[in-house]
Amino acid sequence: MSARSFRHRLAAVCVSAVTLFATAACGDSGGDGGPVELRFSWWGNNDRAATTQKVIDAFQAQNPDIKVTGSSADFNAYFDKLATEVAAGDAPDVITLGGAYPREYGGRGALLDLARVSNELKTDKIDPAALGNGNFDNKQFGVPTGVNSFAVVVNPEVFQAAGVPLPDDSTWTWADFTRIANEIATKAPEGTYGVADPTRPDTLDLYSRQRGEGLYTPDGGVAITKQTLVDWWTMTTALRDSGAAPSASLTAELEGQPAPEQTLMGRGLAAMQFDWSNQLGALRKASGKPLELLRAPGESAGRPGMWLQASQIYTINARSEHPKEAAKFVDFLINSPEAGKLIRTDRGIPANHDVLAAVTPELDPDQAVQAKFIEKIGPLAGPPLVIGPTGSTDTLGILQRLNAEVLFNRQPVDKAADEFIKQVAAAIRK
């Protein structure tokens with residue numbers, strides 16, 4: 001589905017959601033005497049689906065009067081399907097969202113204000129900074145599944161094979177980053193890259209936050225400047241030209257969010273890859289290598305750009321016929337040590353402090369690395385991220401199209417920078 005089509009579908013459903021909110025959202029959760037039936041959706045791979053089913057089973061064992069049916073898909077297919085379901089008035093009761101989606105759906109009436117179910121869903125054990133990821137216009141539309149951070153995933157074996165030492169992530173700069181990527185590409189076996197193409201909204205946010213910008217302003221405008229975009233694309237095209245990053249055609253093949261085993265890091269073909277910390281376990285499994293997490297370049301040179309973010313957000317459909325039961329299920333997902341011990345760090349480091357304490361002794365080595373990394377960067381992270389305004393979910397598609405134009409040399413970087421700012425501004429004004 002195109003970004004424009006997504007906006008049209010979302011706008012259509014939100015008109016209906018706003019109209020029906022008062023009558024459909026918070027009625028009594030009555031029934032015919034049988035179990036209340038809830039639908040729960042999320043994105044992810046088969047391992048996540050299997051784990052989530054175990055959590056559903058545990059909840060149902062404690063709540064035999066509530067039946068939960070789960071469904072999942074890969075990232076892109078998930079949001080395409082969700083947009084269709086919301087537009088048709090047939091979205092799941094409990095919806096997993098991320099990024100700007102909670103603000104976009106919530107701001108247009110498609111999500112339940114959780115204040116309406118505060119008796120069933122408690123949030124007092126969740127860090128306020130994490131909880132803020134689901135709060136917009138002073139309404140709590142979602143609660144975080146857990147906390148993670150955007151970081152650099154590195155493969156020490158690729159560094160070792162190239163004879164290049166791992167960087168000191170307490171001091172390295174973007175100049176160090178490009179030098180290291182080029183050195184690895186020169187010395188590593190054929191077909192191995194210093195870094196997978198790093199261009200995505202998260203890296204632009206991080207890079208520009210280090211310059212005091214970010215992608216968006218608090219009042220819903222575009223914050224990133226043309227010069228920052230020019231500097232970014234000048235760096236990435238130089239990495240492409242030197243062979244430190246993949247060719248334009250290979251990057252295009254890997255566009256979007258492929259499964260971990262499809263990424264260059266998952267295939268053992270990259271020394272570095274920007275990704276979320278909670279992807280470490282899946283990437284380690286795919287590659288079979290002892291991958292590690294590093295702070296991003298440039299963090300010690302001025303303002304920190306990294307931030308702690310809710311890895312995903314649990315929300316409740318404003319039109320759910322059973323909002324209280326849905327809230328009870330979400331409460332189990334985020335506040336139950338039993339659920340936490342099953343999920344562990346798959347959806348981020350648990351945002352509930354008590355759950356994290358219960359889970360920590362049971363973490364496997366991969367999960368322990370993630371928890372230790374979050375503990376390390378927490379005090380060093382920058383201010384909370386400015387969540388994208390309504391329309392900002394188009395930014396990913398805009399950036400992918402313009403990045404392809406730049407990498408295939410169809411558009412100079414200065415023109416692409418102008419176009420990015422122009423197109424994102426137009427998207428968030430709609």
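Looking up the protein chain in an unreviewed UniProt entry gives the name Sugar ABC transporter substrate-binding protein, with the organism given as Plantactinospora sonchi.

Caption draft 1: Here's a closer look at empty space enclosed by the protein. This model, assessed by the stated rule, comprises three cavities of 30 Å³ or more. Lining the largest cavity are 15 residues, and of these T145, L333, I334, I343 and P350 lie nearest its centre. At the level of secondary structure, the elements contributing two or more residues to the lining of the largest cavity comprise α12 (323–335) and α13 (337–343). With three residues, α13 is the largest single contributor of residues to the lining of the largest cavity. Classifying every residue of the lining of the largest cavity gives nine nonpolar, four polar and two charged.

Caption draft 2: Seen up close, the nonpolar core. Membership of the largest hydrophobic core comes to 80 residues, with the highest contact counts inside it found for Y105, F177, I184, W233, M272 and F420. The residues touching M272, leaving out its near neighbours within four places in the chain, are V152, V153, V154, F159, W172, F177, I180, A181, G194, V195, A196 and M265.

Caption draft 3: Molecular detail of the pattern of salt bridges. Under the criterion given, the structure shown has 18 salt bridges. Between R211 and D231 there is a salt bridge, and its shortest N-O distance comes to 2.8 Å. Taken as a pair, R211 in the loop between α8 (201–209) and α9 (226–242) and D231 in helix α9 lie far apart in primary sequence, 20 residues in all. Assessed through its relative accessible area of 37%, R211 is described here as partly exposed. For D231, a relative accessible area of 26% gives the class partly exposed. Via salt bridges that share partners, D176, R179, E183 and K187 belong to a single interconnected network.

Caption draft 4: Main features of the sheet that holds strand β1 (residues 36–43). Taken in spatial order, the five strands of this open sheet run β2-β1-β3-β12-β6, and their pairing is mixed. With one partner strand each, in any of the chains shown, β2 (66–73) and β6 (142–144) form the two edges of the open sheet. This sheet shows a mean twist of 20° between the axes of neighbouring strands, independent of strand direction. In the sheet, β6 pairs with strand β12 (residues 313–316) via three bridges, with the strands oriented antiparallel. For G142, the partnering residue across the bridge sits in β12 and is T315. Along the sheet face, α12 touches β1, β2, β3 (94–97), β6 and β12 and points at about 165° away from the line of β12.

Caption draft 5: Focus on helix α16 (residues 395–407). Taking 1.5 Å as the rise per residue, α16 with 13 residues should run 18 Å; its terminal C-alpha atoms sit 18 Å apart, in good agreement. Along α16, the positions that sit buried rather than exposed are T395, I398, L399, L402, N403, A404, V406 and L407. Buried-residue contacts for α16 involve α8, α9, α10 (248–253) and α17 (413–429). At the C-terminal side of α16, N409 shows a positive phi close to 60°.

Caption draft 6: Layout of the packing of α9 against α16. With their axes 10 Å apart at the nearest point, α9 and α16 run at an angle of 55° to one another. Between α9 and α16, the interaxial angle falls into the category oblique. Handedness of the α9/α16 crossing: right-handed. Contact with α9, carried on its side by W233, T237 and R240, involves L399, L402, N403, V406 and L407 of α16 and no other residues of that element. The residue makeup of the contact of α9 with α16, split by class, is five nonpolar, two polar and one charged.

Caption draft 7: A look at the pairing of β12. The two faces of β12 match: I313 and T315 on one face and Y314 and I316 on the other face are all buried. With four bridges connecting them, β3 and β12 associate as antiparallel partners. Pairing of I95 across the sheet is with T315, part of β12.

Cut-offs used in this document
Residues numbered from 1 in each chain as written. Predicted model: local features only at pLDDT ≥ 70, side-chain atom pairs only at ≥ 80, totals over all residues. Heavy atoms only, no water. 1 Å grid on protein atoms, 1.4 Å probe; cavity = no way out; pocket = protein on both sides within 12 Å on 5 of 7 lines; lining within 4 Å. Points joined across faces, edges and corners; volume = space filled by probe spheres on them. Helix = DSSP H or I, 4+ residues; strand = E, 2+ residues; numbered from the N terminus. Nonpolar A, V, L, I, M, F, W, Y, C, P; charged D, E, K, R; others polar. Core = buried A, V, L, I, M, F, W, Y, C linked by side-chain atoms within 4.5 Å. Buried < 20%, exposed > 50% of the residue type's maximum accessible area, 1.4 Å probe, protein only. Contact = heavy atoms within 4.5 Å. Salt bridge = Lys/Arg side-chain N within 4 Å of Asp/Glu carboxyl O. Pairing = 2+ DSSP bridges. Axes fitted to C-alpha atoms, helices over the stretch in contact; angles between N-to-C directions. Expected span 1.5 Å × (residues − 1). Parallel < 35°, antiparallel > 145°, perpendicular 65-115°, else oblique. Left-handed = near helix turned anticlockwise from the far one by under 90°.

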